[in-house]
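An overview of the molecular structure
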Amino acid sequence: MCLAVPGKVVAIDHRADPLTGLIDFGGVQKQACLEYLPDVRVGEYVIVHVGFALQRLDEESARASLELFAQLGLLEEEFGDAWEQAAQQAGSAAPHARAAAEREESGSEA
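Notes on the structure in this doc start here. (Residues numbered from 1 in each chain as written. Predicted model: local features only at pLDDT ≥ 70, side-chain atom pairs only at ≥ 80, totals over all residues. Heavy atoms only, no water.)

Let us look at the pattern of salt bridges. Under the definition given, this model contains 4 salt bridges. Here R56 makes a salt bridge to D39, at a shortest N to O gap of 2.9 Å. Of the two residues, R56 sits in strand β5 (residues 52–57) while D39 sits in the loop between β3 (28–33) and β4 (45–49), which places them 17 residues apart along the sequence. What makes R56 partly exposed here is its relative accessible area of 32%. Note that E44 is salt-bridged to R56, the shortest N-O span being 3.3 Å. Of the two residues, E44 is situated in the loop between β3 and β4 and R56 in strand β5; the sequence distance between them amounts to 12 residues. What makes E44 partly exposed here is its relative accessible area of 28%. Counted as one network, the salt bridges with shared partners bring together D39, E44 and R56. (Salt bridge = Lys/Arg side-chain N within 4 Å of Asp/Glu carboxyl O. Helix = DSSP H or I, 4+ residues; strand = E, 2+ residues; numbered from the N terminus. Buried < 20%, exposed > 50% of the residue type's maximum accessible area, 1.4 Å probe, protein only.)

Below you can see the structure in the form of structure tokens.
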């Protein structure tokens, strides 16, 4: 399955042709084409599908979607091992790994 995933624009390469930017998907950062949103700014949220930022999204909706995707395991499916690797490089656990660790520490199997 290929998702349209919300992410935060953390950098824009105005010299690139086509226009590209670095998008943060809750810890995983990937390059995406920004040609469809040429006036997007660092700090804004966008929906990315197959490498193209297609639409702006407000922060609350983006965070809610990312959390839901993580709970359903869709981010792991979409990003595979890169999701966990990026979170480890950032010095934190991926959202789904954090929840599993918390359950393990509390002794809960839920």
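After presenting the structure, the write-up continues.
Another point: the packing of aromatic side chains. Applying the stated criterion across every chain yields a total of 1 aromatic pair. With centroids separated by 5.8 Å and ring planes inclined at 50°, the aromatic side chains of Y36 and F52 adopt a geometry described as tilted. Of this pair, Y36 sits in the loop between β3 and β4 while F52 sits in strand β5; the two residues are 16 residues apart in sequence, bridging distant segments of the chain. (Phe/Tyr/Trp six-rings, centres within 6.5 Å; stacked < 30°, edge-to-face > 60°.)

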